[in-house]
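Descriptive structure summary
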Amino acid sequence: MFFRLLIWITLILICFPALADTAIGYRLFAKSSQANSTSIFNVTDENDSFSHSQLNELYAKLQVKGFNLLATYNVTFNEDRETEDDGVLNEAYYDFSASSLDFTIGKKVLSWGVGYGFRPLDLIQQENRRVLISQNLEGVLLTSAEYYTGNSAISFLITNRELISDRQSRSKDHEAAVKLYSLYNDWDLHGVGHYSEVFGASFGLGFSTIVGDELEVHASSTYRSRYHKLINVLTESNETFALTDPVYEKHYNDCINAVLGFSWTFQSGITVIGEAWHDCTAYTYSEWAAMRDLTKQQQLLLSSLPQAAQDATETQIQGNQRYFNQANILQNNLFTRLSYDGEKTDPYLDVLLTPDDGGVVLSTSIEHEIKQNILLYANARYFTGRSSSAYKQLGNRALIYLGFRAEFVL
Amino acid sequence: MFKNSCFFIVIFLFACHISVADDDIKSMLKTADGYRQQGEELLIKTEVNLYIKDKLDKQSLYHVFVKSGRRSLVVFKSAGELGQKVLMLDDKFWIILPNTRRPIRITPMQKLLGEASVGDIATLTWSEDYDGTIIEHNITEQGINSIKLDLNSTRKGTTYHRIELFLNQKDYFPIKANLYLKSGKLAKEAYYENGTMNDQRRVVAMTLVDLINKDQKTIVNYESMENKSIPDKFYNPAFLVRTDLPD
């Protein structure tokens, strides 16, 4: 199906280049990750060795008279696993106007929030804002109607989204949302309301504004009536071993997410970003500490168990790492980034701190344009901080990416 | 009594002189603007060539929609930038990057540092943004008998805080501009090329010599300029996510 689609796209690109804005691109990344042998989640005898993989992404995009299409084909070559390939129709939607309303129908990426590291207003599609290598996002199926005035807008939309649970089971969620935008003097004001069959009602407010020539300030907050987290049931009892998978989706009610931040750009080309955020859907310090203590106890038990029980416990220790499968591990986060906007070379260095447990994530990147539309990248991330912190206990100690991207307009 | 009368006459004449000078400058700038932008609502197709050490390094295409009220929308048309747009409303700026669906509010400094020429190609009027004085008449610039103006920005968010502008003494056609940053630093020299577009005398190209990155030179070619009216909603920051722009 996907290859048939690619053939159609290619034909359109070749036959009608003058009618549409079309581009094809290719990205290649070599990824090296260093294992963290001192992690309490480590159940192998490996030292801090590096494993390697190579990510290839071929994408095509087309835009003509409100019709938009973005498709990607990814191939990942792994050192220790089979090659994976995956074709994704990221976006296919049509923007059109009728009377004084503007409509969108199809599959589209939705991004509503303000800020850099975390955007609470992204109620429908919350991307991980801190991935080291950003890939093309996959949109959601939606129908929207919008009304614009000179400096305000109101949007209504309904979506039909597929949710994939931790255990890979799929379910449908139907959502309805309203988004308000207004430019009031120097302030960009945002308001969102959202209802989902799965997550209930949510609403939020946000703003961004400019102070002087160099400073941008933003903040947003949302209330969520329902949310869930993965919790290990053993952390809620005195047991250390379960006969079945002990990690389950625990449902909660009523919480508040918030972000406050700024970006300051100097004439030298240096920009400083600072942000603090609270993500109530992440783990509290006590939830993380309970998981950490449970895993330590399971590790202590290992040597005294018969082989079969040892294997099962190791599986449960590895399963505990699912606590790390979310954008924010702990609720409270402080973030700062120093970047430089050069003519050909754009480097940055950023630090994420989780003050509750003393975890630190250092990330750096350098992007260099060697020729028009051909970029070289080098990105690295190092997890450190207090030895008991979540980031210090991740399965990987460091990640390194080297790659390039080329894009051509047809 | 006589002394007092003389004093008031002098003050009156001085005030009249200032008023006349102001009017002169405004009308000069309006005339000069007319060579760069004629009409209230326009679509200007622009090609920007960046040269480093006199070698073509980057070529970019832009469609610039301009509307009254200091509104302009720059649509990027080149590889790697396809889908990118910059919106300027008075002294406020937004950008939407390729493959993203969220307009980002940016500071005037980010606009200045970002795409080298966006501020230069999206702002085509001096008369609305600057005021100043005549420094010199009958000065020769680029071999042309010129008038030299010293302009200061009257608005927040202009790319250049101060401009020394040389206009043809005869018809106020722009010849050259020295472009200064807020810090007082001379950032660029702009040279305006005389030509014909739509059967009228126009600035058909602008060469920007970068005096900070001294190896760099940018040539902005105004490929076409047509009257094009797009609805006000296209200049709404929230509308940047939409893609049903007219050609």
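It should be noted that the structure appears before, not after, this text.
Everything numeric in this text was worked out from a predicted model, so none of it was measured. Each chain has its residues counted from 1, running along the sequence as written. All chains are assigned letters beginning at A, and all ligands numbers beginning at 1, according to the order in which they are written. Owing to the predicted nature of the model, reporting of local features is limited to residues with pLDDT of at least 70; listing and counting of side-chain atom pairs is limited to 80 or more, with chain, interface and lining totals taken over all residues. The side-chain quantities take in all heavy atoms of the structure and omit both hydrogens and water.

1. Some points on the overall build of chain A
Threshold: Counting from the N terminus, the helices are the DSSP runs of H or I reaching at least four residues and the strands are the DSSP runs of E reaching at least two. Our radius of gyration looks at C-alpha atoms and nothing else; its globule reference is 2.2 Å times the residue count to the power 0.38. Throughout this description, buried means an accessible area under 20% of the type-specific maximum (1.4 Å probe, protein chains only), exposed means over 50%, and partly exposed covers the range between. Any two residues whose heavy atoms approach within 4.5 Å at even a single point are treated as in contact. Every accessible area reported is derived by Shrake-Rupley at a probe size of 1.4 Å, with residue values counting cover from the shown protein chains alone.
Of regular secondary structure, chain A possesses 3 helices and 18 strands. Expected size for 410 residues packed as a compact globule is a radius of gyration near 22 Å; at 23 Å, chain A falls within 12% of this value. Taking the principal axes of its C-alpha atoms as reference, chain A extends roughly 70 × 50 × 45 Å. The burial tally for chain A puts 49% of its 410 residues in the buried class. Restricting to contacts in chain A with at least 6 residues of sequence separation, those with at least 24 account for 55%. Looking at chain A as shown, the accessible area adds up to about 19,100 Å², and 60% of this sits on carbon and sulfur atoms.

2. Section: the nonpolar core
What counts here: Side-chain atoms within 4.5 Å link the members of a nonpolar core, which is a set of buried Ala, Val, Leu, Ile, Met, Phe, Trp, Tyr and Cys residues.
Within the largest apolar cluster, 47 residues are counted, with the highest numbers of intra-cluster contacts made by Val-74, Ile-163 and Leu-165 of chain B. Looking at this core element by element, the count peaks at 5 residues for helix α1 (residues 2-36) of chain B. Among the nonpolar cores identified, the runner-up in size contains 36 residues, and Ile-40, Leu-132, Phe-324 and Phe-383 of chain A belong to it.

3. Overview of the state of the cysteines
A disulfide bridge is the covalent bond that connects two cysteines by way of their sulfur atoms. All names here are of chain A. Let me state the cut-off plainly: In this description, a disulfide is simply a cysteine sulfur pair whose atoms lie within 2.5 Å.
Applying the stated criterion across every chain, the model contains 1 disulfide over all chains. Here Cys-255 engages in a disulfide with Cys-280; their sulfurs sit 1.8 Å apart. Of this pair, Cys-255 sits in strand β12 (residues 247-265) while Cys-280 sits in the loop between β13 (270-278) and α2 (285-302), placing them 25 residues apart in sequence. Side by side, Cys-255 and Cys-280 carry an identical accessibility label, which is buried.

4. A word on the pairing of strand β8 (residues 170-184) of chain A
Residue and element names in this part refer to chain A. For the record, the criterion: One requirement defines pairing of two strands: DSSP has to find at least two bridges between them.
Pairing geometry for strand β7 (residues 152-164) and β8, over 13 bridges, is antiparallel. Note that in β8 the partner of Ser-155 across the bridge is Lys-179. Summarising the sheet, β8 and strand β9 (residues 187-196) pair through 10 bridges and their orientation is antiparallel. Note that in β9 the partner of Ser-182 across the bridge is Leu-189. Once β8 ends, the chain turns through 2 residues before running back antiparallel as β9, passing Asn-185 with a positive phi of about 50°.

5. What about the interface of chain B and chain A?
Which entries qualify depends on this criterion: What counts as buried area is the accessible surface, traced by a 1.4 Å probe, that two parts surrender upon association, with contributions from both included. Definition used for salt bridges: Asp or Glu carboxyl oxygen within 4 Å of a side-chain nitrogen of Lys or Arg.
Facing the 43 residues of chain B at the interface are 62 residues of chain A. Summing both sides of the interface, chain B and chain A together bury roughly 4,300 Å²; the carbon and sulfur share of this comes to 46%. For the chain B face of the interface with chain A, the top three residues by lost area are Arg-101, Arg-102 and Arg-105 of chain B, together amounting to 17%. Applying the counting rule to chain B against chain A returns 9 salt bridges. Of the charged contacts in the structure, one is a salt bridge between Asp-95 of chain A and Arg-242 of chain B, with a shortest N-O distance of 3.9 Å. Those elements that place two or more of their residues in the side of chain B that touches chain A are β2 (55-67), β5 (92-96), β6 (104-106) and α2 (108-113) of chain B.

6. Topic: the pattern of salt bridges
Under the counting rule described, the total for this entry stands at 40 salt bridges over all chains. The partner of Lys-58 of chain B in a salt bridge is Glu-81 of chain B, and the shortest N-O contact between them spans 3.7 Å. With Lys-58 of chain B in strand β2 and Glu-81 of chain B in the loop between β3 (71-76) and β4 (85-89), the pair connects residues that are 23 residues apart, well separated along the chain. Per residue, the accessibility class of Lys-58 of chain B equals that of Glu-81 of chain B, and both read buried. Close ionic contact of Lys-176 of chain B with Glu-141 of chain B constitutes a salt bridge, the shortest N to O distance being 3.9 Å. In this pair, Lys-176 of chain B is assigned in strand β10 (residues 174-180) and Glu-141 of chain B in strand β7 (residues 130-141), connecting sequence segments 35 residues apart. Of the two residues, Lys-176 of chain B and Glu-141 of chain B, both sit in the buried class. Because the salt bridges share partners, they merge into one network encompassing Lys-344 and Glu-369 of chain A together with Asp-57, Lys-58 and Glu-81 of chain B.

7. Structural notes on the side chain of His-218 of chain A
Residue and element names in this part refer to chain A. Rules: Within 3.5 Å is the distance limit for a polar contact, defined as a pair of N or O atoms, with the added protein rule that one can donate a hydrogen and the other accept it, and that residues adjacent in sequence qualify only through two side-chain atoms.
In this structure, His-218 sits in strand β11 (residues 215-232). On the basis of relative accessibility, which here comes to 0%, the residue His-218 falls in the buried class. A distance of 3.0 Å separates the side chain of His-218 from the side chain of Glu-216, its partner in a polar contact. At 2.7 Å, the side chain of His-218 forms a polar contact with the side chain of Glu-275.

8. Digging into helix α3 (residues 307-320) of chain A
All names here are of chain A. Quick note on the threshold: Residue count minus one, scaled by 1.5 Å, sets the expected span of a helix.
Helix length check: α3 (14 residues) gives 20 Å between terminal C-alpha atoms against 20 Å at 1.5 Å per residue, within 8%. Along α3, the residues classified as buried are Gln-310, Thr-313, Gln-316, Ile-317, Gly-319 and Asn-320. Looking at the buried positions of α3, the neighbouring elements they touch are β11, β12 and α2.

9. Some remarks on a negative patch on the surface
Residues and elements named next belong to chain A. So the rule is basically this: The patches described consist of residues with a relative accessible area above 30% and no salt bridge, like charges being joined within 9 Å and nonpolar side chains (Val, Leu, Ile, Met, Phe, Trp, Tyr) within 5 Å. As used throughout, the charge tally considers Lys and Arg to be positive and Asp and Glu to be negative, leaving His and the chain termini uncounted. Charged groups are reduced to one reference atom each: NZ for lysine, CZ for arginine, CG for aspartic acid, CD for glutamic acid.
A surface patch of negative charge is lined by Asp-45, Glu-46, Glu-79 and Asp-80. One can find Asp-80 in the loop between β3 (67-78) and β4 (84-98). By relative accessible area, which is 58% here, Asp-80 ends up exposed.

10. Structural notes on a nonpolar patch on the surface
All names here are of chain A. Taken together, the side chains of Phe-262, Trp-264, Phe-266, Ile-270, Leu-338, Tyr-340 and Leu-349 present a nonpolar region at the surface, about 600 Å² in accessible area. Along the polypeptide, Ile-270 turns up in strand β13. Overall, the relative accessible area of 32% leaves Ile-270 in the partly exposed class.

11. Here we look at the packing of aromatic side chains
Heads up, the condition is: Note on ring pairs: Phe, Tyr and Trp rings are taken, using the six-membered ring of Trp, and paired if centres are within 6.5 Å. Classes follow the plane angle, with under 30 degrees stacked, over 60 edge-to-face and the rest tilted. A ring is considered to have a charge above it if a Lys NZ or an Arg CZ atom is located within 6 Å of its centre and within 35 degrees of its normal.
On inspection of all chains with the given rule, the structure shows 21 aromatic pairs over all chains. When the centroid spacing of 6.1 Å and the interplanar angle of 35° are considered together, the rings of Phe-118 of chain A and Trp-277 of chain A count as tilted. Separated by 159 residues along the polypeptide, Phe-118 of chain A in the loop between β5 (101-108) and β6 (140-148) and Trp-277 of chain A in strand β13 bring together distant segments of the chain. The residues Phe-118 of chain A and Trp-277 of chain A share a single accessibility class, namely buried. Relative to Phe-239 of chain B, the ring of Tyr-148 of chain A lies with its centre 4.7 Å away and its plane at 75°, an arrangement referred to as edge-to-face. Here the residue Tyr-148 of chain A occupies a position in strand β6, and Phe-239 of chain B occupies one in the segment after β13 (216-227), the pair thus bridging two chains. Take Tyr-148 of chain A and Phe-239 of chain B: they sit in the same class, and that class is buried. Between Lys-229 of chain A and the ring centre of Tyr-252 of chain A, over which it is positioned, the NZ or CZ distance is 4.9 Å. A cation over a ring is seen here: Arg-162 of chain B above Tyr-180 of chain B, with NZ or CZ 4.4 Å from the ring centre.

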